[in-house]
Amino acid sequence: MGESKDKAKTKEKKTPFCKGLKAEFNKIIWPDKTTLTKQTAAVVVVSVILGAIITICDILVKFGVDLLVR
């Protein structure tokens, strides 16, 4: 008996959620190809630079630990 009421409530809640989701997706402004390319290049460059900095710090720490252990 109570199951039909519960199912009706979930259907009622689901429909506005889907409509709201669709409305939010319609608000999205997708970047054009040039903007996407520039942002991708920036992410790759920053990632490479950060990787190099981490590598240099790791080498320096390793060298320092080796000096202390010796």
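Scroll up to find the structure this text is about.
Now for a description of the structure that goes with this document. Everything quoted here is computed from the prediction, not taken from an experiment.

### Some thoughts on the overall build of the protein
Thought 1: From N to C terminus, the protein includes 2 helices and 0 strands.
Thought 2: Out of the 70 residues belonging to the protein, those deemed buried represent 0%.
Thought 3: Put simply, the protein shows about 7000 Å² of open surface, and 71% of that area lies on carbon and sulfur atoms.

### Re a nonpolar patch on the surface
Thought 1: Taken together, the side chains of Phe17, Leu21, Phe25, Ile28 and Trp30 define a hydrophobic patch exposed on the protein surface, amounting to about 590 Å² of accessible area.
Thought 2: Residue placement: Phe25 occurs in helix α1 (residues 2-27).

Reading the values: the criteria
- Every residue gets a number counted from 1 within its own chain, in the order that chain's sequence is written.
- In keeping with the model being predicted, local features are shown solely for residues with a pLDDT of at least 70 and side-chain atom pairs are shown and tallied solely at 80 or more, while totals for entire chains, interfaces and linings include all residues.
- Where side-chain values are given, they derive from all heavy atoms of the structure, hydrogens and water being excluded.
- The secondary structure listing takes helices from DSSP runs of H or I that are at least 4 residues long and strands from runs of E that are at least 2 residues long, numbered from the N terminus.
- Any residue under 20% of the maximum accessible area for its type is buried, any over 50% is exposed, and the rest in between are partly exposed; the area is computed with a 1.4 Å probe on protein chains only.
- Reported accessibility uses the Shrake-Rupley method at a 1.4 Å probe radius. Residues are deemed covered only where the shown protein chains occlude them.
- Each patch is built from salt-bridge-free residues with over 30% relative accessible area, joining like charges within 9 Å and nonpolar side chains (Val, Leu, Ile, Met, Phe, Trp, Tyr) within 5 Å.
- Any carboxyl oxygen of Asp or Glu within 4 Å of a side-chain nitrogen of Lys or Arg constitutes a salt bridge here.

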